[in-house]
Amino acid sequence: NAGVTQTPKFRILKIGQSMTLQCTQDMNHNYMYWYRQDPGMGLKLIYYSVGAGITDKGEVPNGYNVSRSTTEDFPLRLELAAPSQTSVYFCASTYRGTNTGELFFGEGSRLTVL
Amino acid sequence: QKEVEQDPGPLSVPEGAIVSLNCTYSNSAFQYFMWYRQYSRKGPELLMYTYSSGNKEDGRFTAQVDKSSKYISLFIRDSQPSDSATYLCAMNALLQGAQKLVFGQGTRLTINP
């Protein structure tokens, strides 16, 4: 049981390039999330999904896109990368009916845009 | 005003000290309060969970919620070097539906041997 797996762990992009951050979970969780974490700023929600085929914007969605074609996978697409997207990105998941609201996080993907 | 405020620190204390970490919030609808621990270069992990007001104890850790003051705390007794991490408070208004937690900024804690 691997939990939430994110790839790549590190990436350097040039301004204007595009890339996809991959996230997969093997816990059969309904809900999946993408957060970004900037120093001293906590975690900000980018997008979330309550199930396959359903996605919605979070607090900071501009410059990103997501899709959810399967329960397991929730990739985050960055189009036309900008220096402001330099951050650590975390994917998380949880299950419908949780009695604590606990989110299970991946180990993060560190992205630098130069 | 941010919905959740947390002093980012950093906070450095000697081994064995009692540590107090705090968050204030503005949304009176919040009912579910959590503390996550995040080790360097890792994702956050749930440490403590509390519903509504009151105290909850788990070993050396105690979580307190005072809804009247919109103030939550995490106490660590007999702190150990292995407690060195960033601690994030998080809260939510509803347990049903998507868990769109609101996080504090995180406090970086170092326990010195």
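Just above sits the structure.
The present account deals with the structure reproduced in this document. Every value quoted in this text rests on a predicted model; they were computed, and no experiment measured them.

## What about the interface of chain A and chain B?
Contact with chain A, which involves 24 residues of that partner, is made by 19 residues of chain B. Roughly 1900 Å² is buried in total at the junction of chain A and chain B, and carbon and sulfur atoms are behind 58% of that figure. On the chain A side of the interface with chain B, the three residues burying the most area are L43(A), T100(A) and E107(A), jointly 22% of the side's total. We note a salt bridge from E107(A) to K42(B), for which the minimum N-O separation is 3.0 Å.

## Some details on the sheet that holds strand β8 (residues 71-76) of chain B
Residues and elements named next belong to chain B. Strand order in the open sheet formed by five strands is β1-β3-β8-β7-β6, with antiparallel pairing between adjacent strands. The two strands at the open ends of the sheet, each matched to only one other strand, are β1 (4-6) and β6 (54-58). Adjacent strand axes in the sheet meet at a mean angle of 15 degrees, parallel and antiparallel pairs treated alike. Here β1 pairs with strand β3 (residues 19-25) via three bridges, running antiparallel. From the neighbouring strand, V4 faces β3, where its bridge partner is Y25.

## Structural notes on unusual backbone geometry
The omega torsion of the bond from T7(A) to P8(A) falls at -5 degrees, within 30 degrees of zero and hence cis. Relative to the elements of secondary structure, P8(A) occurs in the loop between β1 (4-7) and β2 (10-13).

## Concerning the sheet that holds β1(A)
Residue and element names in this part refer to chain A. As summarised here, the arrangement of the four strands in space is β1-β3-β8-β7, forming an open sheet in which the pairing is antiparallel. A strand with exactly one partner marks an edge of an open sheet, and here the two such strands are β1 and β7 (64-66). Direction aside, neighbouring strands of the sheet carry axes that sit 20 degrees apart on average. As judged from the three bridges shared by β7 and strand β8 (residues 76-78), these two strands associate in the antiparallel manner.

## Brief notes about the state of the cysteines
Residue and element names in this part refer to chain B. Scanning all chains against the criterion turns up two disulfides over all chains. Linked covalently through their sulfurs, C23 and C89 form a disulfide whose S-S length is 2.0 Å. Between C23 and C89 the disulfide shows an S-S torsion of about -100 degrees. By sign, it is left-handed. In this pair, C23 sits in strand β3 while C89 sits in strand β9 (residues 85-92), placing the two residues 66 residues apart along the sequence. Note on accessibility: C23 and C89 belong to one class, buried.

## With respect to the nonpolar core
Within soluble globular proteins, side chains that are nonpolar tend to cluster in buried spots. Residue and element names in this part refer to chain B. Membership of the largest hydrophobic core comes to 24 residues, with the highest contact counts inside it found for W35, I72, L74, Y87 and M91. At the level of secondary structure, the elements contributing two or more residues to this core comprise β3, β4 (32-38), β5 (45-51), β7 (61-66), β8, β9 and β11 (107-112). The residues touching Y87, leaving out its near neighbours within four places in the chain, are Q6, L21, W35, Y36, R37, L47, L74, I76, G106, T107 and L109.

## Let's talk about the pairing of strand β11 (residues 109-113) of chain A
All names here are of chain A. In β11, alternate side chains face the same way, and those of S109, L111 and V113 are buried while those of R110 and T112 on the opposite face are not. Where β2 and β11 come together, four bridges link them in parallel fashion. Bridging from a neighbouring strand, F10 pairs with R110 of β11. Where strand β9 (residues 87-94) lies against β11, three bridges are found, and the strand directions are antiparallel. In the strand pairing of β11, V88 is matched with R110.

## Here we look at the side chain of T94(A)
Within the secondary structure layout, T94(A) lies in strand β9. The residues contacting T94(A), other than those within four sequence positions of it, are H29(A), N30(A), Y31(A), Y33(A), E102(A), L103(A), F104(A) and Q99(B).

## Brief notes about the layout of surface pockets
Within this model, the largest pocket holds a volume of roughly 730 Å³. Around the largest pocket, the lining comprises 32 residues; the ones closest to its centre are Q37(A), R110(A), Q38(B), T86(B) and R108(B). Among the elements of the structure, β9 of chain A together with β9 and β11 of chain B are those that each provide at least two residues to the lining of the largest pocket. It is β11(B) that provides the largest number of residues to the lining of the largest pocket, a total of four residues. Class assignment of the residues belonging to the lining of the largest pocket gives a composition of 10 nonpolar, 15 polar and seven charged. Estimates place the volume of the second largest pocket at around 260 Å³. Lining the second largest pocket are 16 residues, with K44(A), E59(A), E3(B), V102(B) and F103(B) sitting closest to its centre. Listing elements by their share of the lining of the second largest pocket, those giving two or more residues are β5 (43-51) of chain A together with β10 (102-103) of chain B. No other element matches β5(A), which puts three residues into the lining of the second largest pocket. Its residues assigned to classes, the lining of the second largest pocket shows eight nonpolar, three polar and five charged.

What counts and how
- Residues numbered from 1 in each chain as written.
- Chains lettered and ligands numbered in written order.
- Predicted model: local features only at pLDDT ≥ 70, side-chain atom pairs only at ≥ 80, totals over all residues.
- Heavy atoms only, no water.
- Contact = heavy atoms within 4.5 Å.
- Buried area = accessible area lost by both parts, 1.4 Å probe.
- Salt bridge = Lys/Arg side-chain N within 4 Å of Asp/Glu carboxyl O.
- Pairing = 2+ DSSP bridges.
- Helix = DSSP H or I, 4+ residues; strand = E, 2+ residues; numbered from the N terminus.
- Axes fitted to C-alpha atoms, helices over the stretch in contact; angles between N-to-C directions.
- Disulfide = S-S within 2.5 Å.
- Buried < 20%, exposed > 50% of the residue type's maximum accessible area, 1.4 Å probe, protein only.
- Core = buried A, V, L, I, M, F, W, Y, C linked by side-chain atoms within 4.5 Å.
- 1 Å grid on protein atoms, 1.4 Å probe; cavity = no way out; pocket = protein on both sides within 12 Å on 5 of 7 lines; lining within 4 Å.
- Points joined across faces, edges and corners; volume = space filled by probe spheres on them.
- Nonpolar A, V, L, I, M, F, W, Y, C, P; charged D, E, K, R; others polar.

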